[in-house]
Amino acid sequence: QVQLVESGGGLVQAGGSLRLSCAASIRSFASYTVAWFRQAPGLEREFVGGITWWNSGRFYAGSVKGRFTISKDSAQNLVYLQMNSLKPEDTAIYYCAAVSARTYNTNSRNYDYWGQGTQVTVTS
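Predicted model, so just to flag it, every value in this text is computed and none were measured.

What counts, and at which threshold
- Sequence order as written defines the numbering, with residues in each chain counted from 1.
- Residue-level local features of this predicted model are given only where pLDDT is at least 70; pairs of side-chain atoms are given and counted only at 80 or more, and the full residue set underlies all totals for whole chains, interfaces and linings.
- Hydrogens and waters are ignored; side-chain quantities use all the structure's heavy atoms.
- By definition, two strands form a pair when at least two bridges between them are found by DSSP.
- Under the scheme used here, helices are H or I runs from DSSP no shorter than 4 residues and strands are E runs no shorter than 2 residues, and both carry numbers assigned from the N terminus.
- Every angle, taken between N-to-C directions, lies between 0 and 180 degrees, and every axis is a line fitted to C-alpha atoms, over only the stretch in contact when it is a helix.
- Only protein chains enter the accessibility calculation, which uses a 1.4 Å probe. A residue is then buried if its area is under 20% of the maximum for its type, exposed if over 50%, and partly exposed in between.
- When checking whether two residues touch, look at their non-hydrogen atoms; a contact exists if any pair is within 4.5 Å.
- Stacked, tilted and edge-to-face are the three classes assigned to paired rings of Phe, Tyr and Trp, where Trp is represented by its six-membered ring and a pair needs centres within 6.5 Å; plane angles under 30 degrees give stacked, over 60 edge-to-face, the rest tilted.

Participant: Looking at this model, I keep getting lost on the sheet that holds strand β1 (residues 4-7). Mind explaining?
Facilitator: Whether parallel or antiparallel, the strands of a sheet pair through hydrogen bonds between backbone atoms. Within the open sheet, the 4 strands sit side by side as β1-β3-β8-β7. Their pairing is antiparallel. The open sheet terminates on both sides in strands that have one partner only, identified here as β1 and β7 (68-73). The average angle at which neighbouring strand axes cross in this sheet is 15 degrees, direction not considered. As defined by bridge partners, β1 adjoins strand β3 (residues 18-24) across 4 bridges and the pair is classed as antiparallel. Looking across to β3, one finds that E6 is bridged to C22.

Structure below.
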């Protein structure tokens, strides 16, 4: 079973930056796709960005492309989400998710493992 733990959330003013981390209790994400999703109150959970271990691919939602960057530390089994130029509309709970599949996927229902979430609040 895969256990995921997010950290790094907090409160930041618009234009600021945060880096989120996702730590996994697994030997390797070698066959996995790992993604970040976010959910604001009353809204559906939406895809933010993903990274694949199997081909080191990266893919992003259009709303964050150019501002957010996903990276990984394979040795420590960590995934990062560097968030720059934050906007108030980025405010949400951010979740790390993983699926053992060699595919790009932006649909939350296709991810099997989830962290508890970390709150990101961006003020004007």
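Participant: Which parts of the structure should I look at to understand the environment of S7?
Facilitator: Position of S7 relative to the elements: it lies in strand β1. You can call S7 partly exposed: its relative accessible area is 37%. Taking the C-alpha atoms as reference points, S7 and Q116, 109 residues apart in sequence, are found 9.5 Å from one another. With sequence-adjacent residues up to four places away left out, S7 is seen in contact with R19, L20, S21 and T118.

Participant: Sorry, what's going on with the packing of aromatic side chains here?
Facilitator: Each aromatic ring pair is described using two quantities: the centre-to-centre distance and the angle formed by the ring planes. Applying the stated criterion across every chain, the model contains 10 aromatic pairs. Between F29 and W53 the ring centres are 4.9 Å apart and the planes differ by 55 degrees, which places this aromatic pair in the tilted class. You can see F29 sitting in the loop between β3 and β4 (33-39) and its partner W53 sitting in the loop between β5 (46-52) and β6 (58-60), a full 24 residues away along the chain. Seen from their ring centres, F37 and W114 are 5.1 Å apart, and the 50 degrees between their planes marks the pair as tilted. Placement of F37 in strand β4 and of W114 in strand β10 (residues 113-114) is noted, with a sequence separation of 77 residues between them. With relative accessibility at 0%, the residue F37 sits in the buried group.

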